[in-house]
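# Observations on the three-dimensional arrangement
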Amino acid sequence: MEKHQKRYFLTEEEIPTQWYNIQADMVNKPLPPINPATKQPLKVEDLYPVFAEELCRQELDQEHAWIDIPEEVRDMYKYYRSTPLVRAYGLEKALGTPAHIYFKNESVSPVGSHKLNSALAQAYYCKQQGITNVTTETGAGQWGAALSYAAKAFGLEAAVYQVKISYNQKPYRRSIMQTYGAQVTASPSMSTRAGKDILTRDPNNQGSLGTAISEAIELALNTPNCRYTLGSVLSHVTLHQTIIGLEAEKQMQKAGEYPDIVIGCFGGGSNFGGISFPFMRHNIKEGRTTRFIAAEPASCPKLTRGVFQYDFGDVAGYTPLLPMYTLGHNFMPANIHAGGLRYHGAGVIVSQLLKDGMMEAVDIRQLESFEAGMLFSRAEGIIPAPESCHAIAAAIQEAKKCIATGEEKVILFNLSGHGLIDMAAYDQYLSGSLQDYVVTDEDVQRNISQLEKVL
Ligand SMILES: *Cc1c(COP(=O)(O)O)cnc(C)c1O
(Lines give C-alpha, C1' and ligand atoms only; values in the text may rest on other atoms or scores of the structure.)
Protein backbone atom coordinates (compact mmCIF):
# COMPACT_ATOMS: atom_id res chain seq x y z
CA MET A 1 0.00 0.00 0.00
CA GLU A 2 1.10 3.53 -0.66
CA LYS A 3 2.13 5.82 2.13
CA HIS A 4 -0.90 7.70 3.38
CA GLN A 5 -0.70 9.75 6.57
CA LYS A 6 2.31 9.91 8.81
CA ARG A 7 1.79 11.36 12.29
CA TYR A 8 4.32 12.83 14.70
CA PHE A 9 3.76 13.15 18.46
CA LEU A 10 5.68 14.38 21.49
CA THR A 11 6.20 12.52 24.76
CA GLU A 12 4.70 14.12 27.89
CA GLU A 13 8.13 15.44 28.84
CA GLU A 14 8.54 17.05 25.42
CA ILE A 15 5.30 19.05 25.71
CA PRO A 16 6.46 22.68 26.04
CA THR A 17 6.66 24.14 29.55
CA GLN A 18 6.45 27.80 28.45
CA TRP A 19 4.40 29.90 26.05
CA TYR A 20 6.14 32.27 23.64
CA ASN A 21 5.41 36.01 23.88
CA ILE A 22 6.46 37.47 20.52
CA GLN A 23 5.84 41.03 21.79
CA ALA A 24 9.21 40.85 23.59
CA ASP A 25 11.07 40.11 20.34
CA MET A 26 9.18 42.40 17.94
CA VAL A 27 11.28 45.18 16.45
CA ASN A 28 8.28 47.53 16.39
CA LYS A 29 6.08 46.82 19.41
CA PRO A 30 2.30 47.08 19.10
CA LEU A 31 1.03 50.58 19.92
CA PRO A 32 -0.71 50.76 23.31
CA PRO A 33 -4.46 50.27 23.69
CA ILE A 34 -6.16 53.58 24.56
CA ASN A 35 -8.67 54.18 27.33
CA PRO A 36 -11.55 55.82 25.41
CA ALA A 37 -12.60 57.94 28.41
CA THR A 38 -9.20 59.53 29.14
CA LYS A 39 -7.62 59.07 25.68
CA GLN A 40 -4.52 57.90 27.58
CA PRO A 41 -2.66 54.59 27.08
CA LEU A 42 -4.35 51.84 29.01
CA LYS A 43 -2.78 50.83 32.32
CA VAL A 44 -2.74 47.23 33.49
CA GLU A 45 -4.95 48.16 36.46
CA ASP A 46 -7.61 49.53 34.11
CA LEU A 47 -8.25 45.93 33.03
CA TYR A 48 -8.41 44.35 36.53
CA PRO A 49 -12.20 44.73 37.00
CA VAL A 50 -12.80 42.80 33.77
CA PHE A 51 -10.13 40.06 33.50
CA ALA A 52 -8.07 37.99 35.96
CA GLU A 53 -5.01 40.05 36.95
CA GLU A 54 -2.40 37.65 35.57
CA LEU A 55 -4.15 37.79 32.18
CA CYS A 56 -4.06 41.62 32.28
CA ARG A 57 -0.30 41.50 32.88
CA GLN A 58 0.19 39.03 30.03
CA GLU A 59 -1.91 41.25 27.78
CA LEU A 60 0.45 44.21 28.05
CA ASP A 61 3.75 42.33 28.62
CA GLN A 62 6.32 43.48 26.03
CA GLU A 63 9.29 42.33 28.09
CA HIS A 64 9.27 38.60 28.78
CA ALA A 65 9.62 36.35 25.74
CA TRP A 66 8.87 33.17 27.69
CA ILE A 67 6.00 32.72 30.16
CA ASP A 68 5.81 29.56 32.30
CA ILE A 69 2.76 27.39 31.70
CA PRO A 70 1.34 26.65 35.17
CA GLU A 71 1.70 22.97 36.07
CA GLU A 72 -2.10 22.67 36.57
CA VAL A 73 -2.71 23.93 33.02
CA ARG A 74 -0.01 21.70 31.56
CA ASP A 75 -1.60 18.72 33.34
CA MET A 76 -4.90 19.52 31.61
CA TYR A 77 -3.10 19.97 28.27
CA LYS A 78 -1.88 16.39 28.64
CA TYR A 79 -5.49 15.17 28.30
CA TYR A 80 -5.22 15.85 24.56
CA ARG A 81 -1.70 17.14 23.84
CA SER A 82 0.55 16.81 22.06
CA THR A 83 -1.85 17.07 19.16
CA PRO A 84 -0.70 15.22 16.04
CA LEU A 85 1.45 16.82 13.37
CA VAL A 86 0.42 15.04 10.19
CA ARG A 87 2.21 14.70 6.87
CA ALA A 88 -0.74 14.90 4.48
CA TYR A 89 0.42 12.44 1.83
CA GLY A 90 -3.20 11.88 0.78
CA LEU A 91 -3.76 15.57 0.06
CA GLU A 92 -0.40 15.86 -1.75
CA LYS A 93 -1.36 12.96 -3.99
CA ALA A 94 -4.85 14.30 -4.65
CA LEU A 95 -3.28 17.57 -5.79
CA GLY A 96 -0.34 15.99 -7.61
CA THR A 97 2.00 18.48 -5.95
CA PRO A 98 5.69 18.04 -5.17
CA ALA A 99 5.14 20.21 -2.04
CA HIS A 100 5.38 18.52 1.36
CA ILE A 101 2.17 19.38 3.19
CA TYR A 102 1.86 19.09 6.98
CA PHE A 103 -1.01 20.01 9.25
CA LYS A 104 -1.23 20.40 13.01
CA ASN A 105 -4.46 18.76 14.13
CA GLU A 106 -6.05 20.85 16.91
CA SER A 107 -9.43 19.23 16.23
CA VAL A 108 -8.51 16.37 18.61
CA SER A 109 -9.17 18.48 21.71
CA PRO A 110 -12.22 17.31 23.70
CA VAL A 111 -14.25 20.27 22.43
CA GLY A 112 -13.07 19.88 18.83
CA SER A 113 -11.00 23.05 18.39
CA HIS A 114 -7.87 24.93 19.47
CA LYS A 115 -9.94 27.22 21.73
CA LEU A 116 -9.48 24.97 24.77
CA ASN A 117 -5.75 25.91 24.89
CA SER A 118 -6.65 29.39 26.12
CA ALA A 119 -9.88 28.51 27.95
CA LEU A 120 -7.94 26.25 30.34
CA ALA A 121 -5.36 28.96 31.01
CA GLN A 122 -7.99 31.66 31.58
CA ALA A 123 -10.06 29.46 33.91
CA TYR A 124 -6.92 28.52 35.86
CA TYR A 125 -5.81 32.13 36.45
CA CYS A 126 -9.33 33.06 37.57
CA LYS A 127 -9.41 30.14 40.00
CA GLN A 128 -5.96 30.99 41.32
CA GLN A 129 -7.12 34.54 42.10
CA GLY A 130 -10.10 33.28 44.11
CA ILE A 131 -12.66 34.09 41.43
CA THR A 132 -15.68 31.78 41.46
CA ASN A 133 -17.63 32.75 38.33
CA VAL A 134 -16.74 33.45 34.71
CA THR A 135 -18.79 34.95 31.90
CA THR A 136 -18.36 35.12 28.18
CA GLU A 137 -20.23 35.46 24.92
CA THR A 138 -20.32 33.03 22.05
CA GLY A 139 -21.65 33.13 18.51
CA ALA A 140 -21.64 29.70 16.93
CA GLY A 141 -20.52 28.22 20.24
CA GLN A 142 -16.92 27.00 19.80
CA TRP A 143 -15.53 29.34 22.43
CA GLY A 144 -18.51 28.91 24.75
CA ALA A 145 -18.02 25.13 24.64
CA ALA A 146 -14.31 25.42 25.43
CA LEU A 147 -14.87 27.83 28.31
CA SER A 148 -17.70 25.72 29.74
CA TYR A 149 -15.46 22.66 29.92
CA ALA A 150 -12.47 24.62 31.26
CA ALA A 151 -14.65 26.20 33.97
CA LYS A 152 -15.87 22.78 35.03
CA ALA A 153 -12.31 21.44 35.07
CA PHE A 154 -11.23 24.19 37.50
CA GLY A 155 -14.43 24.26 39.59
CA LEU A 156 -15.84 27.59 38.35
CA GLU A 157 -19.40 28.51 37.41
CA ALA A 158 -19.73 29.65 33.79
CA ALA A 159 -22.43 31.92 32.37
CA VAL A 160 -22.45 32.13 28.58
CA TYR A 161 -24.44 34.63 26.51
CA GLN A 162 -25.11 33.05 23.15
CA VAL A 163 -26.29 35.21 20.26
CA LYS A 164 -30.04 34.51 20.10
CA ILE A 165 -30.14 33.50 16.46
CA SER A 166 -27.44 30.83 17.02
CA TYR A 167 -29.06 29.75 20.27
CA ASN A 168 -32.19 28.87 18.35
CA GLN A 169 -30.68 27.76 15.03
CA LYS A 170 -27.68 25.80 16.32
CA PRO A 171 -28.99 23.98 19.37
CA TYR A 172 -26.20 21.38 19.51
CA ARG A 173 -23.45 23.67 20.74
CA ARG A 174 -25.85 25.08 23.30
CA SER A 175 -26.47 21.52 24.51
CA ILE A 176 -22.72 20.91 24.60
CA MET A 177 -22.23 23.93 26.88
CA GLN A 178 -25.12 22.80 29.09
CA THR A 179 -23.73 19.27 29.19
CA TYR A 180 -20.51 20.70 30.63
CA GLY A 181 -22.63 22.50 33.24
CA ALA A 182 -22.68 26.09 31.96
CA GLN A 183 -25.65 28.38 32.24
CA VAL A 184 -26.48 29.48 28.70
CA THR A 185 -28.65 32.54 28.05
CA ALA A 186 -29.90 33.72 24.67
CA SER A 187 -28.74 37.29 24.09
CA PRO A 188 -30.25 39.90 24.22
CA SER A 189 -31.81 38.85 27.53
CA MET A 190 -33.67 40.54 30.37
CA SER A 191 -30.86 39.67 32.80
CA THR A 192 -28.78 42.80 32.07
CA ARG A 193 -29.44 46.49 31.53
CA ALA A 194 -27.85 46.32 28.07
CA GLY A 195 -30.15 43.43 27.13
CA LYS A 196 -33.26 45.08 28.62
CA ASP A 197 -32.56 48.32 26.74
CA ILE A 198 -32.43 46.48 23.44
CA LEU A 199 -35.47 44.28 24.09
CA THR A 200 -37.60 47.21 25.21
CA ARG A 201 -36.84 48.99 21.97
CA ASP A 202 -36.96 45.88 19.77
CA PRO A 203 -38.58 42.80 21.38
CA ASN A 204 -37.69 40.59 18.39
CA ASN A 205 -34.00 41.48 18.31
CA GLN A 206 -32.02 38.36 17.30
CA GLY A 207 -28.79 39.51 18.91
CA SER A 208 -25.21 39.98 17.76
CA LEU A 209 -21.77 39.31 19.17
CA GLY A 210 -21.54 42.98 20.16
CA THR A 211 -24.68 42.75 22.26
CA ALA A 212 -23.61 39.46 23.83
CA ILE A 213 -20.22 40.96 24.75
CA SER A 214 -21.94 43.91 26.43
CA GLU A 215 -24.14 41.56 28.46
CA ALA A 216 -21.25 39.31 29.50
CA ILE A 217 -19.09 42.27 30.59
CA GLU A 218 -21.97 43.84 32.48
CA LEU A 219 -22.67 40.61 34.36
CA ALA A 220 -18.96 40.24 35.21
CA LEU A 221 -18.79 43.82 36.54
CA ASN A 222 -21.96 43.46 38.63
CA THR A 223 -21.33 40.01 40.11
CA PRO A 224 -18.97 39.60 43.06
CA ASN A 225 -15.98 37.34 42.32
CA CYS A 226 -16.77 37.19 38.63
CA ARG A 227 -14.61 37.94 35.59
CA TYR A 228 -15.12 38.08 31.84
CA THR A 229 -13.18 35.92 29.36
CA LEU A 230 -12.55 36.22 25.63
CA GLY A 231 -11.67 33.52 23.09
CA SER A 232 -9.74 35.46 20.43
CA VAL A 233 -8.26 38.82 19.39
CA LEU A 234 -6.48 39.67 22.65
CA SER A 235 -2.74 39.19 23.03
CA HIS A 236 -2.98 36.91 26.07
CA VAL A 237 -5.26 34.56 24.13
CA THR A 238 -2.74 34.31 21.30
CA LEU A 239 0.05 33.79 23.86
CA HIS A 240 -1.70 30.64 25.15
CA GLN A 241 -2.18 29.40 21.59
CA THR A 242 1.58 29.41 20.93
CA ILE A 243 1.58 25.91 22.43
CA ILE A 244 0.46 24.90 18.90
CA GLY A 245 3.51 26.27 17.09
CA LEU A 246 5.98 25.32 19.83
CA GLU A 247 4.85 21.71 19.61
CA ALA A 248 4.85 21.84 15.82
CA GLU A 249 8.42 23.10 15.82
CA LYS A 250 9.59 20.04 17.77
CA GLN A 251 7.46 17.71 15.66
CA MET A 252 8.81 19.16 12.39
CA GLN A 253 12.28 18.43 13.78
CA LYS A 254 11.26 14.79 14.22
CA ALA A 255 10.10 14.83 10.61
CA GLY A 256 13.46 16.29 9.62
CA GLU A 257 11.93 19.38 7.98
CA TYR A 258 11.37 23.10 8.55
CA PRO A 259 8.42 24.96 7.01
CA ASP A 260 8.87 27.38 4.08
CA ILE A 261 5.26 28.52 4.53
CA VAL A 262 3.04 28.55 7.65
CA ILE A 263 -0.71 29.12 7.25
CA GLY A 264 -3.62 29.66 9.63
CA CYS A 265 -7.22 30.76 9.16
CA PHE A 266 -7.95 34.17 10.62
CA GLY A 267 -10.81 35.37 12.80
CA GLY A 268 -9.16 37.51 15.47
CA GLY A 269 -5.75 35.90 15.04
CA SER A 270 -5.30 33.45 17.91
CA ASN A 271 -4.84 30.18 16.01
CA PHE A 272 -2.85 31.91 13.26
CA GLY A 273 -0.56 33.57 15.81
CA GLY A 274 -0.44 30.34 17.78
CA ILE A 275 1.03 28.31 14.96
CA SER A 276 3.08 31.15 13.42
CA PHE A 277 4.83 33.09 16.16
CA PRO A 278 7.17 30.33 17.38
CA PHE A 279 8.46 29.97 13.79
CA MET A 280 8.45 33.73 13.19
CA ARG A 281 10.90 34.19 16.04
CA HIS A 282 13.53 32.52 13.83
CA ASN A 283 12.78 35.06 11.08
CA ILE A 284 13.22 37.88 13.58
CA LYS A 285 16.27 36.53 15.39
CA GLU A 286 18.12 34.43 12.80
CA GLY A 287 16.99 35.93 9.52
CA ARG A 288 15.06 32.88 8.34
CA THR A 289 12.70 33.58 5.45
CA THR A 290 9.63 31.48 6.24
CA ARG A 291 6.43 33.04 4.83
CA PHE A 292 3.39 33.39 7.09
CA ILE A 293 -0.07 33.57 5.51
CA ALA A 294 -3.30 34.46 7.32
CA ALA A 295 -6.39 33.18 5.44
CA GLU A 296 -9.47 35.33 5.99
CA PRO A 297 -12.93 35.16 4.40
CA ALA A 298 -13.61 37.39 1.39
CA SER A 299 -16.79 38.47 3.19
CA CYS A 300 -14.83 39.92 6.12
CA PRO A 301 -11.47 41.07 4.69
CA LYS A 302 -9.95 43.25 7.42
CA LEU A 303 -6.36 42.25 6.71
CA THR A 304 -6.47 42.49 2.93
CA ARG A 305 -8.84 45.47 2.57
CA GLY A 306 -9.22 47.12 5.99
CA VAL A 307 -7.26 50.07 7.39
CA PHE A 308 -4.72 50.19 10.22
CA GLN A 309 -6.29 52.49 12.80
CA TYR A 310 -7.47 52.76 16.40
CA ASP A 311 -10.92 51.21 16.69
CA PHE A 312 -13.17 49.56 19.25
CA GLY A 313 -13.10 45.80 19.68
CA ASP A 314 -16.88 45.53 19.92
CA VAL A 315 -19.93 46.92 18.19
CA ALA A 316 -21.18 48.86 21.21
CA GLY A 317 -17.84 50.57 21.89
CA TYR A 318 -17.29 49.20 25.43
CA THR A 319 -13.71 47.96 24.91
CA PRO A 320 -10.49 49.99 24.87
CA LEU A 321 -9.46 51.48 21.53
CA LEU A 322 -7.10 49.05 19.82
CA PRO A 323 -4.52 49.82 17.10
CA MET A 324 -5.50 47.29 14.48
CA TYR A 325 -6.49 46.45 10.94
CA THR A 326 -10.23 46.93 10.92
CA LEU A 327 -13.27 47.26 8.69
CA GLY A 328 -14.91 49.47 11.34
CA HIS A 329 -16.52 48.19 14.55
CA ASN A 330 -19.99 48.60 13.04
CA PHE A 331 -19.15 46.37 10.05
CA MET A 332 -21.80 43.66 9.68
CA PRO A 333 -20.26 40.64 7.92
CA ALA A 334 -22.48 38.43 5.78
CA ASN A 335 -23.83 35.35 7.49
CA ILE A 336 -21.17 32.89 6.27
CA HIS A 337 -20.79 29.47 7.88
CA ALA A 338 -17.31 30.18 9.21
CA GLY A 339 -18.86 32.00 12.19
CA GLY A 340 -15.51 32.17 13.98
CA LEU A 341 -14.08 34.36 11.20
CA ARG A 342 -16.88 36.94 11.22
CA TYR A 343 -15.04 39.62 13.18
CA HIS A 344 -14.36 43.18 12.03
CA GLY A 345 -10.82 43.57 13.40
CA ALA A 346 -7.48 41.83 13.96
CA GLY A 347 -5.42 41.47 17.13
CA VAL A 348 -2.88 44.24 17.80
CA ILE A 349 0.20 42.00 17.46
CA VAL A 350 -0.78 40.57 14.09
CA SER A 351 -1.81 44.04 12.91
CA GLN A 352 1.66 45.43 13.65
CA LEU A 353 3.37 42.41 12.04
CA LEU A 354 1.31 42.79 8.88
CA LYS A 355 2.07 46.51 8.75
CA ASP A 356 5.78 45.68 9.09
CA GLY A 357 5.71 43.11 6.27
CA MET A 358 6.49 40.18 8.58
CA MET A 359 3.46 38.25 7.28
CA GLU A 360 0.94 38.17 4.44
CA ALA A 361 -2.81 37.80 4.18
CA VAL A 362 -5.08 36.24 1.59
CA ASP A 363 -8.86 36.33 1.29
CA ILE A 364 -10.79 33.18 0.41
CA ARG A 365 -14.31 32.96 -0.93
CA GLN A 366 -16.85 30.74 0.81
CA LEU A 367 -17.26 28.30 -2.09
CA GLU A 368 -13.50 27.87 -2.52
CA SER A 369 -13.19 27.19 1.21
CA PHE A 370 -15.77 24.40 1.08
CA GLU A 371 -14.23 22.92 -2.10
CA ALA A 372 -10.97 22.73 -0.15
CA GLY A 373 -12.77 21.19 2.81
CA MET A 374 -14.34 18.52 0.59
CA LEU A 375 -11.01 17.62 -1.01
CA PHE A 376 -9.31 17.48 2.38
CA SER A 377 -12.08 15.32 3.92
CA ARG A 378 -11.77 12.75 1.15
CA ALA A 379 -7.96 12.74 1.16
CA GLU A 380 -7.29 12.81 4.91
CA GLY A 381 -10.53 11.56 6.51
CA ILE A 382 -11.10 14.55 8.79
CA ILE A 383 -14.03 16.86 8.07
CA PRO A 384 -12.69 20.34 8.83
CA ALA A 385 -14.51 23.21 10.53
CA PRO A 386 -15.70 25.84 8.02
CA GLU A 387 -13.13 28.22 9.55
CA SER A 388 -10.28 25.74 9.05
CA CYS A 389 -11.32 25.27 5.40
CA HIS A 390 -9.89 28.74 4.74
CA ALA A 391 -6.43 27.63 5.85
CA ILE A 392 -6.70 24.49 3.75
CA ALA A 393 -7.72 26.55 0.69
CA ALA A 394 -4.69 28.82 1.13
CA ALA A 395 -2.41 25.76 1.55
CA ILE A 396 -3.85 24.27 -1.64
CA GLN A 397 -3.18 27.53 -3.51
CA GLU A 398 0.47 27.41 -2.46
CA ALA A 399 0.79 23.67 -3.18
CA LYS A 400 -0.57 24.27 -6.70
CA LYS A 401 2.06 26.92 -7.34
CA CYS A 402 4.66 24.21 -6.60
CA ILE A 403 3.21 22.04 -9.37
CA ALA A 404 4.06 24.79 -11.85
CA THR A 405 7.57 25.40 -10.50
CA GLY A 406 8.41 21.85 -9.41
CA GLU A 407 9.55 23.12 -6.00
CA GLU A 408 9.29 20.78 -3.00
CA LYS A 409 8.23 23.51 -0.61
CA VAL A 410 7.35 22.54 2.95
CA ILE A 411 3.89 23.88 3.79
CA LEU A 412 2.49 23.73 7.32
CA PHE A 413 -1.06 24.73 8.18
CA ASN A 414 -3.16 24.63 11.32
CA LEU A 415 -6.33 22.55 11.34
CA SER A 416 -8.08 24.66 13.98
CA GLY A 417 -11.10 22.40 14.43
CA HIS A 418 -13.35 19.69 13.01
CA GLY A 419 -16.68 20.34 11.35
CA LEU A 420 -18.81 17.54 12.74
CA ILE A 421 -21.20 19.99 14.40
CA ASP A 422 -21.26 22.14 11.25
CA MET A 423 -22.69 19.56 8.89
CA ALA A 424 -25.65 21.82 8.09
CA ALA A 425 -23.11 23.99 6.27
CA TYR A 426 -21.72 21.03 4.29
CA ASP A 427 -25.31 20.03 3.57
CA GLN A 428 -25.92 23.40 1.92
CA TYR A 429 -22.68 23.11 -0.04
CA LEU A 430 -23.59 19.62 -1.25
CA SER A 431 -27.07 20.72 -2.29
CA GLY A 432 -25.62 23.63 -4.27
CA SER A 433 -27.35 26.35 -2.29
CA LEU A 434 -24.23 27.93 -0.79
CA GLN A 435 -23.11 31.32 -2.11
CA ASP A 436 -20.07 33.56 -2.21
CA TYR A 437 -20.29 36.89 -0.41
CA VAL A 438 -17.72 39.47 -1.38
CA VAL A 439 -17.99 42.92 0.16
CA THR A 440 -18.10 45.86 -2.19
CA ASP A 441 -15.57 48.70 -2.06
CA GLU A 442 -18.49 51.00 -1.14
CA ASP A 443 -19.29 48.87 1.94
CA VAL A 444 -15.67 48.94 3.05
CA GLN A 445 -15.36 52.68 2.41
CA ARG A 446 -18.62 53.59 4.14
CA ASN A 447 -17.65 51.80 7.35
CA ILE A 448 -14.12 53.05 7.37
CA SER A 449 -15.14 56.67 6.80
CA GLN A 450 -17.29 56.50 9.95
CA LEU A 451 -14.19 55.47 11.89
CA GLU A 452 -12.49 58.86 11.70
CA LYS A 453 -14.56 60.18 14.60
CA VAL A 454 -13.22 57.59 17.04
CA LEU A 455 -9.85 59.12 17.86
C1 LIG B 1 -12.88 30.59 16.76
C2 LIG B 1 -12.33 29.76 15.70
C3 LIG B 1 -11.44 30.30 14.73
C4 LIG B 1 -11.09 31.75 14.64
O5 LIG B 1 -10.50 32.33 15.75
P6 LIG B 1 -8.97 32.80 15.78
O7 LIG B 1 -8.82 33.53 17.06
O8 LIG B 1 -8.70 33.66 14.60
O9 LIG B 1 -8.15 31.56 15.76
C10 LIG B 1 -10.90 29.44 13.79
N11 LIG B 1 -11.21 28.12 13.77
C12 LIG B 1 -12.05 27.57 14.68
C13 LIG B 1 -12.35 26.10 14.58
C14 LIG B 1 -12.64 28.37 15.66
O15 LIG B 1 -13.46 27.81 16.56
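Further up the page is the structure itself.
Computed from a predicted structure; not experimentally measured.

Moving on, we come to the overall build of the protein chain. When helices and strands are counted, the protein chain shows 18 helices and 15 strands. For 455 residues, the compact-globule estimate of 2.2 N^0.38 gives 23 Å, and the protein chain sits close to it at 21 Å. Along the first, second and third principal axes, the C-alpha atoms of the protein chain reach 65 × 50 × 45 Å. For the protein chain, the proportion of its 455 residues judged to be buried stands at 62%. Counting only contacts in the protein chain whose residues sit at least 6 apart along the sequence, the fraction spanning at least 24 positions is 77%. Accessible area for the protein chain stands at about 17,600 Å²; split by element, carbon and sulfur atoms hold 50% of it.

A word on the side chain of Glu 137. You can see Glu 137 is positioned in strand 6 (residues 133–138). For the buried residue Glu 137, which engages in no salt bridge, the nearest side chain bearing the opposite charge is Lys 115, 9.8 Å off. In terms of polar contacts, Glu 137 uses its side chain to reach the side chain of Tyr 228, at 2.7 Å. With residues near it in sequence (within four places) discarded, Glu 137 still touches Trp 143, Tyr 161, Leu 209, Ala 212, Ile 213, Ala 216, Tyr 228, Thr 229 and Leu 230.

On to the site of the ligand, then. Around the ligand, a shell composed of 17 residues is seen, among which Lys 115, Ser 232, Gly 267, Ser 270 and Asn 271 lie nearest. Taking Gly 269, its main chain carries an N or O atom lying 3.0 Å from an oxygen atom of the ligand. Contact distances for the ligand include 2.7 Å between a nitrogen atom and a side-chain N or O atom of Ser 416. Contact with the protein chains covers 97% of the free accessible surface of the ligand, which is 380 Å². Residue composition of the shell around the ligand, grouped by class: four nonpolar, eleven polar and two charged.

Sheets are built from strands that pair by backbone hydrogen bonding, the pairs being arranged parallel or antiparallel. The seven strands lie next to each other as 1-4-5-15-10-11-14, forming an open sheet whose pairing is mixed. Looking at strand neighbours, the two that pair on one side only are strand 1 (5–8) and strand 14 (360–364), the edges of this open sheet. The sheet shows a mean angle of 25° between the axes of neighbouring strands, direction not considered. Seen against the sheet, helix 15 (residues 366–380) touches strand 1, strand 4 (85–88), strand 5 (100–105), strand 14 and strand 15 (410–415) and runs at an angle of roughly 95° to strand 14.

Before going further, it helps to spend a moment on the sheet that holds strand 9 (residues 226–228). Strands sit in the order 8-7-6-9 across an open sheet of four strands; the sheet is parallel. Each of the sheet's edge strands pairs with one partner strand only, and the pair in question is strand 8 (183–187) and strand 9. This sheet shows a mean twist of 25° between the axes of neighbouring strands, independent of strand direction. For strand 6 and strand 7 (residues 157–163), the ladder comprises six bridges, and the chain directions are parallel. The residue bridging Thr 136 from the neighbouring strand is Val 160, located in strand 7. Along the sheet, helix 10 (residues 209–222) contacts strand 6, strand 7, strand 8 and strand 9; its crossing angle with strand 6, the most-contacted strand, is approximately 170°.

Quick look at the state of the cysteines now. According to the stated counting rule, one finds zero disulfides in the structure shown. With no disulfide partner, Cys 389 has as its closest neighbouring cysteine sulfur the one in Cys 265, 9.1 Å distant. Among the residues examined, Cys 389 registers a relative accessible area of 0% and is labelled buried.

Basis of the calculations
Residues numbered from 1 in each chain as written. Predicted model: local features only at pLDDT ≥ 70, side-chain atom pairs only at ≥ 80, totals over all residues. Heavy atoms only, no water. Helix = DSSP H or I, 4+ residues; strand = E, 2+ residues; numbered from the N terminus. Rg over C-alpha atoms; globule rule 2.2 N^0.38 Å. Buried < 20%, exposed > 50% of the residue type's maximum accessible area, 1.4 Å probe, protein only. Contact = heavy atoms within 4.5 Å. Areas by Shrake-Rupley, 256 points an atom, 1.4 Å probe, with all protein chains shown as cover. Lys, Arg positive; Asp, Glu negative; His and termini not counted. Salt bridge = Lys/Arg side-chain N within 4 Å of Asp/Glu carboxyl O. Polar contact = N/O pair within 3.5 Å; in protein donor to acceptor, adjacent residues only side chain to side chain. Near = heavy atom within 4 Å. Nonpolar A, V, L, I, M, F, W, Y, C, P; charged D, E, K, R; others polar. Pairing = 2+ DSSP bridges. Axes fitted to C-alpha atoms, helices over the stretch in contact; angles between N-to-C directions. Disulfide = S-S within 2.5 Å.

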